[in-house]
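Chain by chain, the residues:
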Amino acid sequence: MTERRILVVEDERTIAESVAARLRAEGFVVEVARDGPGAVEAFRRGRPELVVLDVMLPGFDGLEVCRRIQADRPVPVLMLTARDDETDLLVGLAVGADDYLTKPFSLRELAARVHALLRRVDRAASAARSGAEVLRIGDLEINQAERRVRRDGVEAHLTPTEFDLLTHFANRPRTVLPRERLLADVWGWADGSGTRTVDSHVKALRRKLGADLIRTVHGVGYALEVRP
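Residues numbered from 1 in each chain as written. Predicted model: local features only at pLDDT ≥ 70, side-chain atom pairs only at ≥ 80, totals over all residues. Heavy atoms only, no water.

A.B. asks: What is the right way to read the packing of helix H2 (residues 36-46) against helix H3 (residues 62-72) from this model?
C.D. replies: Each pair of packed helices can be described by the angle between their axes along with the distance between the axes. Interaxial distance between H2 and H3 falls to 10 Å at its minimum, and their mutual angle equals 20°. Of the possible angle classes, the one that applies to H2 and H3 is roughly parallel. Judged by the twist between their axes, the crossing of H2 over H3 is right-handed. Every residue of H3 that contacts H2 at Gly-36, Ala-39, Val-40, Phe-43 and Arg-44 is listed here: Val-65, Arg-68, Ile-69 and Asp-72. The residue inventory of the contact of H2 with H3, partitioned by class, reads five nonpolar, one polar and three charged. (Axes fitted to C-alpha atoms, helices over the stretch in contact; angles between N-to-C directions. Helix = DSSP H or I, 4+ residues; strand = E, 2+ residues; numbered from the N terminus. Parallel < 35°, antiparallel > 145°, perpendicular 65-115°, else oblique. Left-handed = near helix turned anticlockwise from the far one by under 90°. Contact = heavy atoms within 4.5 Å. Nonpolar A, V, L, I, M, F, W, Y, C, P; charged D, E, K, R; others polar.)

Below you can see the structure in the form of C-alpha cells.
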C-alpha cells in the first residue's frame, strides 16, 4: 500500500518538527513548509492527501494558503490556530478548512484528527465507486457519488467535512442528533469532546444553504429541516 502524504505548514520550528515526527511515526510521508508561498508550492509539487496548516504564517497567512490550495484541488485541511476565537474559526471553515485545533494541542489528538479526516476521504471514495444514490429531501439534493449539493436548484460548494455532515443529517431527516453523536459518527471522535467543531460546521452549512436548513434543539443538538 502506498504511503499517504501529508503537508505540514508551520513557521515555528519546534512545533513543525514535533508534528512532522509524530505523523511520520504514524506511517505518513511528511513534507514541511514554513511560509505561505512555500506551502502553495509544496502542495502543487507534492500533491499531499491532507494538509496541517497554521493560520499565522510569513508571506501570506494560512487562510490565503487554504483558499489557493482548495482552488487548485480539494483536499482535507486541519487548521492550527493560536486563538480560540469563533470568528477566526468560521473564517477558516469558509475558505475550505475541514477541522481545526487550538494551540496548545496534544500530538495524540492531532494524529487522531488526521486519521479521522482520512477515513472520511476513504468513505467518500468508496461511495463514489459504488455509485451511491442521490438523496432528495424537499428542495435539497445530494449526489453522493459526485459529492455535489443543490438546494432549490442552486449548487453549493461544501468542504469534505461539510458534505459528510450534511449527508449524515439527510439520512435522518427531522431527527434530533446530539452533538456527541455527530462527533462520533461524522468525525470519528469517541470521547465526545470538541462540540464547538459541530457548531461551527452547522453555521457554515446554514451560511451556504440557508439559515432554515438545520434546526437547533437547545441543550440537545440539531435536526435537518427542509422545505417540501
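Once the structure has been displayed, the description carries forward.
A.B. asks: Explain the sheet that holds strand S7 (residues 140-143) to me, please; I cannot follow it from the model alone.
C.D. replies: Within a sheet, neighbouring strands are paired by backbone hydrogen bonds and run either parallel or antiparallel to one another. In spatial order, the strands read S6-S7-S8-S9; together these four strands make up an open sheet with antiparallel pairing. At either margin of the open sheet sits one strand with a lone partner, and together these are strand S6 (134-137) and strand S9 (154-156). Between one strand axis and the next, the sheet turns by 20° as a mean value, whatever way the strands run. Across four bridges, S6 lies against S7 in antiparallel orientation. Residue pairing for S7: Arg-136 is matched across the bridge by Glu-141. (Pairing = 2+ DSSP bridges.)

A.B. asks: Please clarify how the sheet that holds strand S11 (residues 214-217) should be interpreted in this entry.
C.D. replies: Taken together, the three strands give an open sheet; going across it, the order is S10-S12-S11, and neighbouring strands pair in antiparallel fashion. Each edge of the open sheet is held by one strand with a lone partner, namely strand S10 (177-178) and S11. Bridge analysis of S10 against strand S12 (residues 221-224) gives two bridges, and the strand direction is antiparallel. For Pro-178, the partnering residue across the bridge sits in S12 and is Gly-221. Along the sheet face, helix H6 (residues 160-170) touches S10, S11 and S12 and points at about 75° away from the line of S12.

A.B. asks: Before we go on, may I ask you to explain the nonpolar core in this structure?
C.D. replies: Soluble, globular proteins show a tendency: their nonpolar side chains are buried together. Among the nonpolar cores identified, the biggest contains 27 residues, and Leu-166, Phe-169 and Leu-224 are the most heavily contacted of them. If you tally residues by element for this core, the top one is H6, at five residues. Filtering out sequence-adjacent residues up to four positions away, Leu-166 remains in contact with Leu-140, Ile-142, Val-149, Leu-158, Leu-205, Leu-209, Leu-213 and Leu-224. Core analysis: the second largest hydrophobic core is formed by 22 residues, Leu-7, Val-9, Val-65 and Met-79 among them. (Core = buried A, V, L, I, M, F, W, Y, C linked by side-chain atoms within 4.5 Å. Buried < 20%, exposed > 50% of the residue type's maximum accessible area, 1.4 Å probe, protein only.)

A.B. asks: Whenever I open this one, the pairing of strand S4 (residues 77-81) confuses me. Can you help?
C.D. replies: In regular strands, side chains alternate between the two faces of the sheet. For S4, the tally of buried residues reaches five of five residues, placing the bulk of the element in the interior. Residues Val-77, Met-79 and Thr-81 point to one face of S4 and Leu-78 and Leu-80 to the other, with burial holding for every one of them. With four bridges joining them, strand S3 (residues 50-54) and S4 adopt parallel strand pairing. Across the sheet, the residue bridging to Val-52 is Leu-78, located in S4. Taking the sense of rotation as the criterion, the β-α-β connection linking S3, H3 and S4 turns out right-handed. Note that S4 and strand S5 (residues 99-102) share four bridges and pair parallel. What sits directly across from Leu-78, in S5, is Asp-99. (Right-handed = clockwise from strand over helix to strand, strands pointing away.)

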